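A closer look at the structure
So you can see what is in the structure, the chains are spelled out below.
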Amino acid sequence: MKNIVYILLGTFLGIVLYKSEAASWFRIYEMFQFDSFHMYGIIGSALAVGVVLVFWIKKSKIKSFSGEIIQIPDKEKSFARYILGGTLFGLGWALAGACPGPIYILVGAGYWPIIIVLFGAILGAFVYGLVRARLPH
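Let me sum up the structure you'll find in this document. All residue numbers here refer to positions counted from 1 along the written sequence of the relevant chain. Reporting of local features is limited, given that this is a predicted model, to residues whose pLDDT is at least 70; pairs of side-chain atoms are given and counted only at 80 or more, and all residues count toward the totals for whole chains, interfaces and linings. As a rule here, side-chain values come from all non-hydrogen atoms in the structure, and water together with hydrogens is ignored.

**Examining the side chain of E30**
Locating E30 in the fold gives a position in helix α2 (residues 25–32). Throughout, exposure labels follow a simple rule: accessible area from a 1.4 Å probe, protein chains only, divided by the maximum for the residue type, with under 20% read as buried, over 50% as exposed, and the rest as partly exposed. Taking relative accessible area as the criterion, E30 reaches 14% and is therefore assigned buried. Each helix corresponds to a stretch of at least 4 residues labelled H or I by DSSP, and each strand to a stretch of at least 2 residues labelled E; elements are numbered beginning at the N terminus.

Written as structure tokens, this is what we have:
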């Protein structure tokens, strides 16, 4: 029954992202062409909210739905891995026209060709799972 909360929140987030055109291929294309502030505003505001919430969660010792204190460990400082990972993510995003979240939103909105992108994303996650032990972490 607790999972219904996640389904409702995910559905609400999907509707918000779709209506704000954050899942729009055209808006993503505009962003990579530096033609519009629209996506940068969405990403920047999400980043600001995320920073504030993570800071608040770390300082307030808030508990999860199951009653455990949420602990967010500090990330290992490594410039090269974040540049490489961010570049690969950005290239995939630019080529596909959607990052992982909007892929599901676009499928739900009836854009059936995005299923090819969804298949590629799932395949990529599967391949990563196979080679993860051999990668530097």
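**Some thoughts on the pattern of salt bridges**
Put simply, a salt bridge is a Lys or Arg side-chain nitrogen that is within 4 Å of an Asp or Glu carboxyl oxygen. Summed over the entire model, instances satisfying the criterion amount to four salt bridges. Its salt-bridge partner being E21, residue R27 comes within 2.7 Å of it at the nearest N-O pair.

**Things to note about unusual backbone geometry**
Backbone geometry places F34, a non-glycine residue, at a positive phi of 55°. Tracing the backbone through its elements, the reader meets F34 in the loop between α2 and α3 (38–60). The backbone of K61 shows a phi angle near 55°, a positive value even though the residue is not glycine. In this structure, K61 sits in the loop between α3 and α4 (79–96). Overall, the relative accessible area of 54% leaves K61 in the exposed class.

**Thoughts on the packing of aromatic side chains**
To pair, rings of Phe, Tyr and Trp, with the six-membered ring standing in for Trp, must have centres within 6.5 Å; the planes then decide the type, stacked if under 30 degrees apart, edge-to-face if over 60, and tilted in the middle. By the definition in use, this model includes one aromatic pair. Considering the side-chain rings of F34 and Y40, the 6.2 Å spacing of their centres and the 5° angle between planes classify their relative orientation as stacked. A positively charged side chain is recorded as over a ring if its NZ (Lys) or CZ (Arg) lies within 6 Å of the ring centre. The angle to the ring normal must also be within 35 degrees. Looking at R81, its charged tip hangs above the ring of Y82, at a distance of 5.4 Å from the centre.

**Looking at the packing of helix α5 (residues 100–108) against helix α6 (residues 114–131)**
In helix packing, the relevant descriptors are the interaxial angle and the interaxial distance, both defined with respect to the helix axes. Here, axes are lines fitted to C-alpha atoms. For helices the fit covers the stretch in contact, and angles between N-to-C directions go from 0 to 180 degrees. Where α5 contacts α6, the axes come no closer than 9 Å and their chain directions differ by 145°. Remark: the crossing between α5 and α6 carries left-handed chirality. Residues I103, Y104, L106 and V107 of α5 form the contact with α6, whose own contacting residues are I114, I115, V117, L118 and A121. Each residue gets one of three labels, nonpolar for Ala, Val, Leu, Ile, Met, Phe, Trp, Tyr, Cys and Pro, charged for Asp, Glu, Lys and Arg, and polar for the others, Gly among them. Taken together, the residues that form the contact of α5 with α6 break down as nine nonpolar, no polar and no charged. Less than a right angle of anticlockwise turn of the near helix away from the far helix marks a crossing as left-handed, whereas a clockwise turn marks it as right-handed. Between two residues, a contact is recorded if the distance between any of their heavy atoms is within 4.5 Å.

**Remarks on the side chain of S36**
Residue position: S36 is located in the loop between α2 and α3. On the basis of relative accessible area, S36 is assigned to the buried category, the value being 18%. Nitrogen and oxygen atoms within 3.5 Å of one another constitute a polar contact, given that in protein one can donate a hydrogen and the other can accept it, and given that sequence-neighbouring residues count only through two side-chain atoms. Only 3.2 Å separates the side chain of S36 from the backbone nitrogen of H38, close enough to count as a polar contact. Contact partners of S36, with chain neighbours within four places excluded, come to R27 and E30.

**Some thoughts on the nonpolar core**
Soluble globular proteins: nonpolar side chains tend toward being buried together. Nonpolar core, defined: a set of buried Ala, Val, Leu, Ile, Met, Phe, Trp, Tyr and Cys residues in which side-chain atoms within 4.5 Å join the residues together. If you look at the biggest cluster of nonpolar residues, it comprises eight residues: A23, A98, I103, I105, L106, V107, I114 and L118. Of all the secondary-structure elements, those providing two or more residues to this core are α5 and α6. When residues in this core are grouped by element, the largest group, four residues, is from α5. Dropping the residues within four chain positions of it, L118 is found in contact with I103, Y104 and V107. Counting residues in each nonpolar core, the second largest holds six residues, with A22, I28, M31 and W93 among its members.

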